[in-house]
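Here are the chains, one letter per residue:
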Amino acid sequence: MPDHQTRDHQDTATSANVSTAKGFAGRALPSQSTRDEILDQINPDDFSWAVPIMRAGYAGRALVYLTVAGTSLWSIWQGGEANSTTDALRWLDDGIGLAVLLLIILGLSAYALWRVVDSVWDLEAYGSGLKGIIARAGMIVTGLVHLAMAGLALTVLIGSRSGSGSGITDAAASSAGTAILAVVGLLTLGAGGYYLHKAWSEGYRNHLRGNQITLRLNTLLKIGVAANGAVIGIIGLLILQAALSASAENPEGIGSVFDWLREQMFGQILVTSLCLGLLGFSLFCAVNALYRIVPKASDRGTQTLRDALSSG
């Protein structure tokens, strides 16, 4: 299989799975009163060991989005085109970039471990009810997807350029494949909607400490979450298009979103704006690395960003 097709297939699978896992993990959650009952019985010091894992994980996610958005903006500035995830990682495959690539691998691996730890020890206090089990299962899926992303970065680090597999439209050749692809597209589209709603409602404020830094960055955080939702939503639409038409081009993750936007009116402006938005999501991940609240490892009196904005 040609190298560019392999790279596109890897980007497609990674982006679609990440999007689906995000949407799955973000669905209906237990009530706050249920979570409060769980937290009343917990000593935060017992779970303080999990916080460094969480910080490393979100730092790794921040590096990925910073790399994709940063290299894309640089390429556009030089008269080129925005980069796919794999192309952005390969841009690092030289000199000091190797150290950054290694940090990305370690960070994504830490994020995968964090999601598993978060689920097994129920650090978000979702409980053992049906809603809690669904949320915690979503964490496991998210963890596995980010582990796959770490594996993709590792292949870049060791210089792997070969691979096999069929494009996503090949999977749609059969009726069963078309149905599965359509479901993936709908779930991915729903995940994009979830993140757009999260930005609109500013639901992320419940999970961040309220301080001068998060207060000042709130608008940028909102833009970053919305940009991530837009990327995921467009990927979902492109997957649905592939499911409905076997002649549709293979969705290629973030790269396909850039290509689609470029074909629209004022396309280059749209691509540049989205890259800037993804820089905002990188900032969002970095802020989570520093100030995210882990319910079972945080003092119950910790002020959230929502509380700080309300009192202000």
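Calculation criteria
- Within any chain, residue numbers begin from 1 and follow the written order of that chain's sequence.
- Two thresholds apply to this predicted model, a pLDDT of at least 70 for residue-level local features and 80 or more for giving and counting side-chain atom pairs, whereas whole-chain, interface and lining totals are computed over all residues.
- The side-chain values count all of the structure's non-hydrogen atoms but skip hydrogen atoms and water molecules.
- The numbering of helices and of strands both runs from the N terminus, where a helix is a DSSP run of H or I of at least 4 residues and a strand a run of E of at least 2.
- Think of it in three bands: with a 1.4 Å probe and only protein chains considered, a residue is buried below 20% of the maximum accessible area for its type, exposed above 50%, and partly exposed in between.
- The contact criterion used is simple: two residues touch if any of their non-hydrogen atoms lie within 4.5 Å.
- Only rings of Phe, Tyr and Trp enter the pairing, Trp through its six-membered ring, and a pair is recorded when the two centres are within 6.5 Å. The plane angle decides the type: under 30 degrees is stacked, over 60 is edge-to-face, the rest tilted.
- Each salt bridge in this description consists of a side-chain nitrogen of Lys or Arg and a carboxyl oxygen of Asp or Glu lying within 4 Å of one another.
- Looking at any residue, its pLDDT shows the predictor's confidence there, from 0 to 100.
- Pairing of N or O atoms within 3.5 Å defines a polar contact, subject to two protein rules: one partner must be a possible hydrogen donor and the other a possible acceptor, and residues neighboring in sequence count only if both atoms are side-chain atoms.
- In this analysis an axis means a line fitted to C-alpha atoms, helices contributing only their contacting stretch, and an angle means the value between N-to-C directions, from 0 to 180 degrees.
- An angle below 35 degrees is treated as roughly parallel, one above 145 as roughly antiparallel, one from 65 to 115 as roughly perpendicular, and anything else as oblique.
- A clockwise turn of the near helix away from the far one marks a right-handed crossing, whereas an anticlockwise turn of less than a right angle marks a left-handed crossing.
- When residues are sorted by character, Ala, Val, Leu, Ile, Met, Phe, Trp, Tyr, Cys and Pro go into the nonpolar class, Asp, Glu, Lys and Arg into the charged class, and all the rest, Gly among them, into the polar class.
- For a helix, the expected span equals 1.5 Å multiplied by the number of residues minus one.
- As used here, the term nonpolar core means buried Ala, Val, Leu, Ile, Met, Phe, Trp, Tyr and Cys residues forming a set that is joined through side-chain atoms within 4.5 Å.

### Some points on the environment of Ile-76
Turning to its location among the elements, Ile-76 is positioned in helix 3 (residues 50–77). When its relative accessible area of 15% is taken as the criterion, Ile-76 is described as buried. It is 8.5 Å that separates the C-alpha atoms of Ile-76 and Gln-268, two residues lying 192 residues apart in sequence. If we ignore the near neighbours within four places in the chain, the residues touching Ile-76 are Glu-81, Ala-82, Gln-268, Val-271, Thr-272 and Cys-275.

### So, the packing of aromatic side chains
Summed over all chains, the structure comprises 6 aromatic pairs. Ring centres 5.3 Å apart and planes at 90° place the aromatic pair Tyr-194 and Tyr-195 in the edge-to-face group. Arranged with centres 5.5 Å apart and planes meeting at 20°, the rings of Phe-281 and Phe-284 form a pair that is stacked. Of the two residues, Phe-281 and Phe-284 are both situated in helix 11 (residues 267–291); the distance of 3 residues between them amounts to about one turn of the helix. By way of ring pairs, the aromatic residues Tyr-65, Tyr-204, Phe-281 and Phe-284 are connected into one cluster.

### Let's talk about the pattern of salt bridges
Applying the stated criterion across every chain, the model contains 5 salt bridges. For the salt bridge of Arg-292 with Glu-124, the shortest nitrogen-to-oxygen distance reads 3.7 Å. Separated by 168 residues along the polypeptide, Arg-292 in the loop between helix 11 and helix 12 (305–311) and Glu-124 in the loop between helix 5 (97–120) and helix 6 (130–157) bring together distant segments of the chain. As far as the burial class goes, Arg-292 and Glu-124 line up, both buried. Note that Arg-205 is salt-bridged to Glu-202, the shortest N-O span being 2.9 Å. Here Arg-205 matches Glu-202 in class, with each residue buried.

### Quick word on the confidence of the model for the protein
With 77% of its residues at a pLDDT of at least 70, the protein reaches an overall mean of 78. Considering only residues more than four positions removed or in separate chains, one finds that residues 160–173, a stretch of pLDDT under 50, has 32 contacts.

### Some details on unusual backbone geometry
Backbone geometry places Asp-122, a non-glycine residue, at a positive phi of 50°. Residue placement: Asp-122 occurs in the loop between helix 5 and helix 6. With a phi close to 55°, Glu-202 is a non-glycine residue in the positive phi region. You can see Glu-202 is positioned in the loop between helix 8 (175–201) and helix 9 (212–244).

### Quick word on the side chain of Thr-304
Note on placement: Thr-304 falls in the loop between helix 11 and helix 12. Accessibility expressed as a relative area gives 12% for Thr-304, which makes it buried. Within the local environment of Thr-304, its side chain forms a polar contact with the backbone nitrogen of Asp-307, the two atoms lying 3.1 Å apart. Ignoring sequence-local partners within four residues, the contact set of Thr-304 consists of Arg-205, Asn-206, Leu-208, Arg-209, Gly-210 and Ile-293.

### Some points on the packing of helix 9 against helix 11
With their axes 7 Å apart at the nearest point, helix 9 and helix 11 run at an angle of 125° to one another. With respect to helix 11, the axis of helix 9 lies oblique. Crossing hand, helix 9 versus helix 11: left-handed. Along the contact surface, helix 9 presents Ile-213, Thr-214, Leu-217, Leu-220, Leu-221, Ile-223, Gly-224, Val-225, Ala-227, Asn-228, Ala-230 and Val-231, while helix 11 presents Leu-274, Gly-277, Leu-278, Gly-280, Phe-281, Leu-283, Phe-284, Val-287 and Tyr-291.

### Thoughts on the packing of helix 5 against helix 6
Their axes nearest at 8 Å, the elements helix 5 and helix 6 cross at an angle of 165°. Between helix 5 and helix 6, the crossing angle belongs to the class labelled roughly antiparallel. Between helix 5 and helix 6 the crossing geometry is left-handed. In terms of residue class, the contact of helix 5 with helix 6 is built from 19 nonpolar, 5 polar and 3 charged.

### Structural notes on helix 3
An ideal rise of 1.5 Å per residue puts 40 Å on 28 residues; helix 3 measures up with 41 Å between its terminal C-alpha atoms. Immediately beyond the C-terminal end of helix 3, within one or two residues, lies Gly-79, with a positive phi of roughly 90°.

### Quick word on the nonpolar core
Of all hydrophobic cores here, the largest spans 37 residues; its most connected members are Tyr-204, Leu-221, Val-257, Phe-258, Val-271, Leu-274 and Cys-275. Elements supplying a minimum of two residues to this core: helix 3, helix 8, helix 9, helix 10 (254–262) and helix 11. With 12 residues, helix 9 is the single largest residue contributor to this core. Leave out the neighbours within four places in its chain, and Val-271 touches Ile-76, Ala-82, Phe-258, Leu-261 and Arg-262. Listed in part, the 13 residues of the second largest apolar core include Val-51, Tyr-111, Val-117 and Ala-289.

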